[in-house]
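Here is how the chains run, residue by residue.
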Amino acid sequence: MTALNDKLQALRERDLYRTRRVLDSAQGVQVVVDGERLLSFCSNDYLGLAADPRIIAALERGARDYGVGSGASHLVSGHMRPHHQLEEGLAAFVGAERALLFSTGYMANIGVMSALMDRHGVVLEDKLNHASLIDAAQLTRARLVRYRHADLAHLNEVGAALDGPMLVATDAVFSMDGDLAPLRALSEFSEKKGAWLLADDAHGLGVLGENGRGSLHHAGLRPTGRVIYMGTLGKGLGSFGAFVAGDEALIETLIQSARTYIYTTALPPAVAAATSEALRITEAEDWRREQLFARVKRFRAGAAALGLGLMDSETAIQPILFGSASKALAAAARLRELGIWVPAIRPPTVPDGAARLRVSLTAAHTESQVDQLLRALESVDQNESAS
Ligand SMILES: *Cc1c(COP(=O)(O)O)cnc(C)c1O
């Protein structure tokens with residue numbers, strides 16, 4: 001035990017120790033955290049759907065009709081009508097032949113890569129990819145080659161000498177930076193190399209593209225041929241779970257061989273029913289995206305006027321770079337004193353020296369709440385040394 005305690009103490013000393021806060025309310029713009037009311041800028045509930053009464057009602061109906069537990073994996077007896085309907089709805093929404101539900105985005109990424117790659121393959125990944133994509137590649141035992149962030153020249157350089165089964169994986173919207181992957185150029189590279197392209201759209205589904213159809217649509221691409229789409233349902237859609245979309249043969253391959261699909265219990269059917277309602281609302285209510293992007297614009301203009309270190313992001317994810325973990329933590333603590341909750345993101349989630357506040361905006365924030373955040377940020381000194 002002392003070895004564990006020594007490691008924990010070392011994390012504390014480097015300002016890298018993580019703690020959890022307990023919410024006593026639903027996810028949303030106003031939350032109750034450890035008994036305190038806070039204005040939150042830290043959920044991925046970009047469209048403000050996590051506690052929508054229509055989605056709650058769909059969950060209740062789903063539970064009444066199908067119970068709580070699915071009782072089995074999809075291939076045994078747990079694949080119920082609400083799962084099947086959701087898959088059909090998702091495929092139509094993103095413009096794919098088929099879609100396949102997974103319990104989480106983490107499991108979807110592992111499932112896709114483990115079904116398509118083995119130790120004879122090569123996986124090429126952006127340096128800033130989400131941990132689940134990195135872990136997925138490592139589990140396949142394929143050779144993992146990482147290219148500099150969104151850098152096509154570097155990808156071409158490292159890719160030139162490689163051949164054999166290949167897969168390129170990228171966050172479509174980078175989770176800690178908010179910028180977009182160069183999907184068109186990545187798909188051209190993949191086409192040229194005969195490689196798969198896996199686009200992880202955890203932060204783009206519901207947010208980008210016509211009616212929120214996601215980053216591929218936004219880039220003028222579709223999940224077909226060698227292009228694979230992975231979308232998560234616990235962020236913009238406000239529910240839970242994930243799916244992979246692509247051609248028939250790809251989806252059938254995943255059903256036959258993706259271990260994180262086969263060897264796990266199917267999602268609760270009521271959650272699938274709730275997600276179908278979330279999907280309907282996402283597609284129908286363009287005003288949510290309009291409102292979100294209006295808030296993004298207002299925040300960026302205000303933050304630029306304050307001289308804050310904004311990053312190159314046009315999405316809901318608006319990081320403010322601080323550098324050291326201690327400075328980012330001090331800034332988060334100052335905002336908290338002012339009743340505002342913004343997370344400090346530290347290594348290893350971001351590279352060393354790139355600690356930041358990660359502001360996430362949602363359609364549910366009002367203009368005056370964005371202004372309140374800006375006023376609070378004005379009182380945070382970005383250059384102040386917290387040590
Ligand atoms: C959140 C996230 C995931 C994981 O999705 P879950 O459904 O939460 O497991 C995968 N990729 C990216 C880029 C993410 O941000």
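From a predicted model like this one, the values you see are computed outputs, not experimental measurements.

(A) Representation of helix 10 (residues 248-257) in the model. Along helix 10, the residues classified as buried are L250, I251, L254 and I255. Buried residues in helix 10, looked at end-on, bunch into an arc of 135°, giving them a common side. Set apart from the buried face of helix 10 by more than 90 degrees, the exposed residues are A249 and Q256.

(B) Representation of the sheet that holds strand 5 (residues 143-147). Sheet architecture is open: seven strands sit in the order 3-9-8-7-6-4-5, paired in mixed fashion. With partners counted over all chains shown, the strands left at the sheet margins are strand 3 (98-102) and strand 5, one partner each. Across this sheet, the average inter-strand angle for adjacent strands is 20°, counted without regard to direction. Pairing between strand 3 and strand 9 (residues 242-246): five bridges, direction antiparallel. Along strand 9, the bridge assignment pairs L100 with V244. Strands strand 3, strand 8 (227-232) and strand 9 of the sheet are contacted by helix 4 (residues 81-94), whose axis makes an angle of about 130° with strand 3. Contacting strand 3, strand 4 (122-126), strand 6 (166-171), strand 7 (196-200), strand 8 and strand 9, helix 5 (residues 105-116) runs over the sheet at an angle of about 160° to strand 8.

(C) Inspection of the confidence of the model for the protein chain at higher detail. When pLDDT is averaged along the protein chain, the result is 96, and 98% of the positions lie at 70 or above. Within the protein chain, no element has a lower average pLDDT than helix 1 (residues 2-13), which sits at 94, and none a higher one than strand 9, at 99.

(D) Just the environment of A137, in detail. Within the element layout of this structure, A137 appears in helix 6 (residues 131-140). A C-alpha to C-alpha distance of 27 Å links A137 and S239, two positions 102 residues apart in sequence. Aside from chain neighbours lying at most four places away, what touches A137 is M113, V123, E125, A142 and L144.

(E) A look at the pairing of strand 10 (residues 317-323). Extensive coverage of strand 10 is indicated by the burial of six of its seven residues. Of the pairings in the sheet, the one linking strand 10 to strand 13 (residues 355-360) comprises six bridges and is antiparallel in character. Each bridged residue has a counterpart across the sheet, and for P319 the counterpart in strand 13 is R358.

(F) Representation of the site of the ligand in the model. In the vicinity of the ligand, the contacting residues are T104, G105, Y106, H130, S132, D171, S175, D200, A202, H203, T232 and K235. A distance of 3.1 Å is found between an oxygen atom of the ligand and a backbone nitrogen or oxygen belonging to Y106. Contact between the ligand and H130: a nitrogen atom at 3.4 Å from a side-chain N or O atom of the residue. For the ligand, whose unbound accessible area comes to 380 Å², protein coverage reaches 83%.

(G) Just the nonpolar core, in detail. L124 and F243 are the most contacted members of the largest nonpolar core, which totals 45 residues. Setting aside its immediate chain neighbours within four residues, F243 contacts L90, V94, A99, L100, L101, F102, L205, Y229, M230, G231 and L233. If you look at the next biggest cluster of nonpolar residues, it comprises 34 residues, including L308, F322, A328 and V359.

(H) Structural view of the packing of aromatic side chains. The final tally for this structure, using the stated rule, is two aromatic pairs. Residues F102 and Y261 carry aromatic rings whose centres are separated by 5.6 Å and whose planes lie at 65° to one another, so their mutual orientation is edge-to-face. Here F102, found in strand 3, pairs with Y261, found in helix 11 (residues 259-262); they are 159 residues apart in sequence, far enough to count as distant. Judged by relative accessible area, Y261 falls into the buried class, the value being 5%. Look at Y229 and F243: their rings are 5.8 Å apart centre to centre, the planes differ by 40°, and that puts the pair in the tilted class. Here Y229 is found in strand 8, whereas its partner F243 is found in strand 9, with 14 residues between them in sequence. Residue classification places F243 among the buried residues on the basis of a relative accessible area of 0%. Over the ring of W196 we find R226; its NZ or CZ atom is 5.1 Å from the centre of that ring.

(I) Representation of the environment of A219 in the model. Summarising the element assignment, A219 is placed in the loop between helix 9 (215-218) and strand 8. A relative accessible area of 18% places A219 in the buried class. Separated by 35 residues in the primary sequence, A219 and R184 have C-alpha atoms spaced 6.5 Å apart. For A219, the residues in contact, after removing those within four places along its chain, are L183 and R184.

(J) View of the pairing of strand 9. Burial runs high along strand 9: five of the five residues are buried. Of the two faces of strand 9, the one carrying A242, V244 and G246 and the one carrying F243 and A245 are both buried. Looking at chain direction, strand 8 and strand 9 are connected through four bridges and run antiparallel. Paired with G231 across the bridge in strand 9 is F243.

Rules used in this analysis
- Residues numbered from 1 in each chain as written.
- Predicted model: local features only at pLDDT ≥ 70, side-chain atom pairs only at ≥ 80, totals over all residues.
- Heavy atoms only, no water.
- Buried < 20%, exposed > 50% of the residue type's maximum accessible area, 1.4 Å probe, protein only.
- Helix = DSSP H or I, 4+ residues; strand = E, 2+ residues; numbered from the N terminus.
- Arc of directions from axis to C-beta.
- Pairing = 2+ DSSP bridges.
- Axes fitted to C-alpha atoms, helices over the stretch in contact; angles between N-to-C directions.
- Contact = heavy atoms within 4.5 Å.
- pLDDT = per-residue confidence, 0-100.
- Near = heavy atom within 4 Å.
- Polar contact = N/O pair within 3.5 Å; in protein donor to acceptor, adjacent residues only side chain to side chain.
- Areas by Shrake-Rupley, 256 points an atom, 1.4 Å probe, with all protein chains shown as cover.
- Core = buried A, V, L, I, M, F, W, Y, C linked by side-chain atoms within 4.5 Å.
- Phe/Tyr/Trp six-rings, centres within 6.5 Å; stacked < 30°, edge-to-face > 60°.
- Lys NZ or Arg CZ within 6 Å of the ring centre and 35° of its normal.

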